[in-house]
Number of protein chains: 2
Amino acid sequence: MTQTWEHDVELDAGWSVGGGLNGGYLMMLVGGVVRECLPHHPDPVSVSTYFLSAARAGAATVQVRVVRAGGSTTTVAVELRQGDEVRLTLLATYGDLTALPDDVRTTVAPFEIPPPDQCVSNRMAPAEVRANAPLMERFDLLFDPTHVGWALGEPSGEGRLSAWFRLPGGDADALTLLLAVDALPPVTFDLGMPGWAPTMELTVHLRARPAPGWLRVRHHTSNMAGGMFEEDCEVWDSQGRLVAQSRQLARVPRPVR
Amino acid sequence: MTQTWEHDVELDAGWSVGGGLNGGYLMMLVGGVVRECLPHHPDPVSVSTYFLSAARAGAATVQVRVVRAGGSTTTVAVELRQGDEVRLTLLATYGDLTALPDDVRTTVAPFEIPPPDQCVSNRMAPAEVRANAPLMERFDLLFDPTHVGWALGEPSGEGRLSAWFRLPGGDADALTLLLAVDALPPVTFDLGMPGWAPTMELTVHLRARPAPGWLRVRHHTSNMAGGMFEEDCEVWDSQGRLVAQSRQLARVPRPVR
């Protein structure tokens, strides 16, 4: 017996950036639909999303199918469609992150970033940039000044970006992490390649529900080749816990004219 | 119009380890079935596999469904079943790795490992270990001696493993990389936790077809928490090209009795 659901959703133009809808927004939106289907397993634990065509603001359908239901986790296959077009498809395992054992043997420390009041706010972006990216009104980002040279035409060339991240109101839950791993500009900005970098695939592992407060988010790439690059992301919460790790494979941005 | 195929396959007991079948073997086997379905897109570019139940040697069915067919890539949804049980499900984007642009801006160098003749061969494992892991007869692994202390009860505690890897005959293609990223023992061996670490999810990005010769493979973990750990893997070919990057989320091994 296969369990499936179809939910109608409305994709909100307020989450667009450069004419497209942000992938993190779509993952968070779809993640919420899946959560409604699985009352005993409220938290995404692993989500692998394949972005297949550019979503547009407006009506869309989310189809959720249970592939395997277990006692502690459920795995689902999901598609987000607009008309005949599949915008994204994903596999996800959901569970209850608060039911996990308490052991933590993390061998890395939270990365260093100056305190929020010494960072550069996304609210400081020029009006024309913000007009093109309404997304930026949806959350607070405070960038580490070490890697914001791209905003002045002087990228560091290291392939790193890091920032404090917060939704208005400040609280975050597991779904917020699906947004947080794809909320910063592409890490290619720091390599002197501004422009939209279309994500082909993004997998995120959620390791704990985040504590309230600012999250710190770091992106890094080390292998740009064949017109593609990987972008690793880690998210730490205000208690110093590594709450999410993600990697995406994206296409190198086309030069901005 | 949805394109789907069903292929019967035979899972070979010669790829078992500790009673289960190796995940890398299953990914390579299923990857070959997908390749047969997509003659214009022979290479996996991104594969995200969710392991749902333990596969057994014997008959199985691979179902392949095209989610989106494009000019340069095709994305498929795949299930491997035995009877009513889904053993694994995956999403994959296939393309032609030889058709990618030639740009390489990789900012990391291949990791250091002593030359093969100074490494520790899997052929040196005790007979009882090899009897329990017929898998080990299927390929050559030459371990960096820095991280084989676990074989003597003295793990380094760093959460690292690295080795030279080769199939008999020596040539590798893109499908070989699906095996290579899951061919070593779990990286938890190096943390003093021997035993089988069941993979929940593994995504691999294939960045180039490997050159002939030995591959070098490195595993690393930094976040063991909540009964789970991530295991990152990178595979470099004999020409010094980073040909595959993977990350898996796995459950911490139960103590060996």
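Just so it is clear, the structure is predicted and the values come from calculations on it, not from any experiment.

*Asks:* Mind laying out helix H1 (residues 23–37) of chain A, listing which residues take part and the relevant values?
*Replies:* All names here are of chain A. Counted at 1.5 Å a residue, the expected span for H1 with its 15 residues is 21 Å, and the 21 Å between its end C-alpha atoms agrees. By the criterion of burial, H1 is predominantly enclosed, with twelve of the 15 residues buried. Of the positions making up H1, those classed as buried are Gly23, Gly24, Tyr25, Leu26, Met27, Met28, Val30, Gly31, Gly32, Val33, Val34 and Cys37. Between a side-chain oxygen at the N-terminus of H1 and the backbone nitrogen of Gly24 the separation is 3.0 Å; the capping residue is Asn22.

*Asks:* How would you explain the pattern of salt bridges if you had to name every residue and give the values?
*Replies:* Side chains that carry opposite charge are capable of pairing whenever their charged atoms lie near each other. On inspection of all chains with the given rule, the structure shows 28 salt bridges over all chains. The partner of Asp232 of chain A in a salt bridge is Arg247 of chain B, with the nearest N and O atoms 3.9 Å apart. Residue Asp232 of chain A is found in strand E14 (residues 228–236), and its partner Arg247 of chain B is found in strand E15 (residues 242–251); the two belong to separate chains. Across the pair, Arg247 of chain B and Asp232 of chain A agree in class, each one buried. Among the ionic pairs, Arg138 of chain B bridges to Asp12 of chain B, the shortest N-O distance being 3.3 Å. With a gap of 126 residues between them, Arg138 of chain B in the loop between helix H2 (127–132) and strand E9 (140–143) and Asp12 of chain B in the loop between strand E1 (4–11) and strand E2 (16–17) connect regions that are remote in the sequence. For Arg138 of chain B, a relative accessible area of 27% corresponds to the partly exposed category.

*Asks:* An account of empty space enclosed by the protein is needed here, citing residue identities and associated values.
*Replies:* The final tally for this structure, using the stated rule, is five cavities of 30 Å³ or more. The computed volume of the largest cavity comes to approximately 60 Å³. For the largest cavity, the full set of lining residues is Thr203, Ser246 and Arg247 of chain A together with Thr203, His205, Gln245, Ser246 and Arg247 of chain B. Those elements giving two or more residues to the lining of the largest cavity turn out to be strand E15 (242–251) of chain A together with strand E11 (199–206) and E15 of chain B. Top contributing element to the lining of the largest cavity by residue count: E15 of chain B, with three residues. Here the residues of the lining of the largest cavity sort into no nonpolar, six polar and two charged. The space that makes up the second largest cavity amounts to roughly 50 Å³. Looking at the second largest cavity, the residues that line it are Arg105 and Thr107 of chain A together with Glu158, Gly159, Leu191, Thr221, Ser222, Asn223 and Met224 of chain B.

*Asks:* Pulling in residues and values, what's your account of the interface of chain B and chain A?
*Replies:* Taken together, the contact between chain B and chain A spans 54 residues of the former and 54 residues of the latter. Between chain B and chain A, roughly 4,600 Å² of surface is buried when both sides are summed, and carbon and sulfur atoms account for 52% of that area. Ranking the residues of chain B by area buried against chain A places Tyr50, Arg207 and Arg247 of chain B at the top, with a combined share of 15%. Linking chain B with chain A are four salt bridges. Between Glu79 of chain B and Arg65 of chain A there is a salt bridge, with the nearest N and O atoms lying 3.2 Å from each other. For the pair chain B and chain A, the number of links is 36 residue pairs in polar contact (both at pLDDT 80 or more). Counting residues per element, the ones that place at least two in the side of chain B that touches chain A are strand E4 (43–51), strand E5 (58–69), strand E6 (74–82), strand E7 (85–95), E11, strand E13 (224–225), strand E14 (228–236) and E15 of chain B.

Here is what the cut-offs are and how they apply
- Residues numbered from 1 in each chain as written.
- Chains lettered and ligands numbered in written order.
- Predicted model: local features only at pLDDT ≥ 70, side-chain atom pairs only at ≥ 80, totals over all residues.
- Heavy atoms only, no water.
- Helix = DSSP H or I, 4+ residues; strand = E, 2+ residues; numbered from the N terminus.
- Expected span 1.5 Å × (residues − 1).
- Buried < 20%, exposed > 50% of the residue type's maximum accessible area, 1.4 Å probe, protein only.
- Polar contact = N/O pair within 3.5 Å; in protein donor to acceptor, adjacent residues only side chain to side chain.
- Salt bridge = Lys/Arg side-chain N within 4 Å of Asp/Glu carboxyl O.
- 1 Å grid on protein atoms, 1.4 Å probe; cavity = no way out; pocket = protein on both sides within 12 Å on 5 of 7 lines; lining within 4 Å.
- Points joined across faces, edges and corners; volume = space filled by probe spheres on them.
- Nonpolar A, V, L, I, M, F, W, Y, C, P; charged D, E, K, R; others polar.
- Contact = heavy atoms within 4.5 Å.
- Buried area = accessible area lost by both parts, 1.4 Å probe.

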